[in-house]
Amino acid sequence: MTWFEAIVLGIVQGLTEFLPISSSAHQLIVGRLFWGNDGGGSAFTAVNQLGTETAVIVYFWRDIVQILKQWALSVAGKVPRSDPDARMGWLVIVGTIPIGILGLVFKGFIEGPLRNLWVTASMLLIFAIVIAVADASVDDRGHGADNEEEHGKTLDDLDVKDGIRFGLWQALALIPGVSRSGGTISGGLFMGYTRSAAARYSFLLAIPAVVVSGLFELKDLHGSDGDGWGQIAIATVLAFVVGYAVVAWFMRYISHHNFRPFVYYRIALAVFLFGLLVLGKVAA
């Protein structure tokens, strides 16, 4: 991987990780279209995501520290597990289980056949429809996007059953083109949560899965002589910087807007990608 490739892929990761448009799809498309490769491959993508997850940790730092503190105290029996922050810690663990199990079981399939661009284009289109229907369900509950925070379920309503459901929706993001945030937030909207609540839990839920996956894949990211760490580092740093700006913007955006612009973008990108594949301009 050249330095230029690493810089581009780091920026792409930061721009797309938190938006419901699939960062893995964009990494694949950019890599195949411009350099004829996998954008660093699934291992590079997993490690690059450490940058964007660090952005989430920094953005939600106070919440995360409080959750970890209260969760640890609940394990020690010093606070009840019903404590809101301790409870959130347990629910993040519960919600992480599905993607952990499915990621290990289907690792070979995820790193192989599912990285075909026909699959990516199809998932971009299919989940554009899923996100559109989920977003419309917010309005179907009797309110518009501007006062959405006054209605719907909040994270105080989150229980183990919903945590597992959120986790299953997150696990769909193992398929490039789905989008971790798009899948998880859509699941939350279908379950009756507000946009902000679904997004907040989505970002918290992603932290353990992405961090563990990224650390696990580090060993696959360099040659026998150890080359490539500079490119990995610059891509990860850029993903963090750009990702922090995007997550801060996105959390403000969803408080007063719907997801239709992202739906239109996904459809346009899917059509564009199908066109490239049909014309033979990019290898599947």
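Here, every reference points to the structure presented above.
Residues numbered from 1 in each chain as written. Predicted model: local features only at pLDDT ≥ 70, side-chain atom pairs only at ≥ 80, totals over all residues. Heavy atoms only, no water.

> For this particular structure, what's the right way to read a nonpolar patch on the surface?
A contiguous nonpolar surface patch, about 800 Å² in accessible area, is contributed by Ile97, Ile101, Leu102, Val105, Phe106, Phe109, Val160, Ile164 and Leu168. Every element with two or more residues in the nonpolar patch is listed here: α5 (84–105) and α8 (160–171). Counting residues per element, the nonpolar patch draws most heavily on α5, at 4 residues. (Patch = residues over 30% accessible without salt bridge, like charges linked within 9 Å, V, L, I, M, F, W, Y side chains within 5 Å. Areas by Shrake-Rupley, 256 points an atom, 1.4 Å probe, with all protein chains shown as cover. Salt bridge = Lys/Arg side-chain N within 4 Å of Asp/Glu carboxyl O. Helix = DSSP H or I, 4+ residues; strand = E, 2+ residues; numbered from the N terminus.)

> Where do I start with unusual backbone geometry in this structure?
For residues that are not glycine, phi is negative in most cases, and the peptide bond is trans in most cases. Unlike most non-glycine residues, Ser22 shows phi in positive territory, near 75°. Here Ser22 lies in the loop between α1 (3–16) and α2 (23–35). Judged by its relative accessible area of 1%, Ser22 is buried. Positive phi outside glycine occurs at Ser179, with the angle close to 95°. Here Ser179 lies in the loop between α8 and α9 (180–190). (Buried < 20%, exposed > 50% of the residue type's maximum accessible area, 1.4 Å probe, protein only.)

> In this structure, what is going on with helix α12 (residues 260–278)? I would like to understand it.
Working note: α-helix, 3.6 residues per turn, so residues spaced by three or four point in the same direction. For α12, with 19 residues, the first-to-last C-alpha span of 27 Å sits near the 27 Å given by 1.5 Å per residue. The complete set of buried residues in α12 reads Phe262, Val263, Arg266, Leu269, Ala270, Leu273, Leu276 and Leu277. Here the buried residues of α12 occupy an arc of 150° about the axis, which is enough to place them on one side. The outward face of α12, more than 90 degrees from its buried face, is lined by the exposed residues Tyr264, Val271 and Val278. A positive phi of about 75° marks Gly280, the residue just after α12. (Expected span 1.5 Å × (residues − 1). Arc of directions from axis to C-beta.)

> Before we go on, may I ask you to explain the environment of Gly188 in this structure?
Secondary-structure assignment places Gly188 in helix α9. The exposure class of Gly188 is buried, given its relative accessible area of 0%. Residues Gly188 and Arg165, 23 residues apart in the sequence, show an inter-C-alpha distance of 8.4 Å. If we skip the residues at most four places from it in the chain, Gly188 touches Phe166, Tyr193 and Ala198. (Contact = heavy atoms within 4.5 Å.)

> Where do I start with the environment of Leu102 in this structure?
As for its placement among the helices and strands, Leu102 is situated in helix α5. Sequence spacing of Leu102 and Leu172 is 70 residues, and the spatial spacing of their C-alpha atoms is 9.4 Å. Discounting chain neighbours no more than four positions away, the residues touching Leu102 are Ile110, Ala171 and Leu174.

> Just checking my understanding: could you explain the packing of helix α4 (residues 61–75) against α5 for this structure?
If you want to describe how two helices pack, look at the angle between their axes and the distance between the axes. Where α4 meets α5, the axes come as close as 7 Å, and the angle between the chain directions of the two elements is 90°. In terms of orientation, α4 lies roughly perpendicular with respect to α5. On α5, the residues that touch Gln66, Ile67, Gln70, Trp71, Ser74 and Val75 of α4 are Asp85, Ala86, Met88, Gly89, Trp90 and Ile93. (Axes fitted to C-alpha atoms, helices over the stretch in contact; angles between N-to-C directions. Parallel < 35°, antiparallel > 145°, perpendicular 65-115°, else oblique.)

> Can you walk me through the pattern of salt bridges in this structure?
Between side chains of opposite charge, pairing is possible as soon as their charged atoms come close. Going through the model one piece at a time under the given rule, you end up with 6 salt bridges. With a shortest N-O distance of 2.1 Å, Asp63 and Arg200 are connected by a salt bridge. Of this pair, Asp63 sits in helix α4 while Arg200 sits in helix α10 (residues 195–217); the two residues are 137 residues apart in sequence, bridging distant segments of the chain. Given the relative accessible area of 29%, Arg200 is considered partly exposed. Lys153 serves as the salt-bridge partner of Asp162, at 3.0 Å between the closest nitrogen and oxygen. For Asp162, a relative accessible area of 4% puts it in the buried group. The partly exposed category is assigned to Lys153, whose relative accessible area is 27%. Salt bridges linked by common partners bring Lys153, Asp162 and Arg165 together as one network.

> Whenever I open this one, the packing of α5 against α8 confuses me. Can you help?
Put simply, α5 and α8 touch, their axes get as near as 7 Å, and they point 35° apart. When the axes of α5 and α8 are compared, the crossing they make is right-handed. Along the contact surface, α5 presents Leu91, Val94, Gly95, Pro98, Ile99 and Leu102, while α8 presents Val160, Gly163, Ile164, Gly167, Leu168, Gln170 and Ala171. (Left-handed = near helix turned anticlockwise from the far one by under 90°.)

> What should I look at first to understand the environment of Glu217 in this one?
Relative to the assigned elements, Glu217 resides in helix α10. Counting along the chain gives 171 residues from Glu217 to Ala46, while the straight-line C-alpha distance between them is 6.7 Å. Ignoring sequence-local partners within four residues, the contact set of Glu217 consists of Ala43, Ala46, Val47, Lys107 and Glu111.

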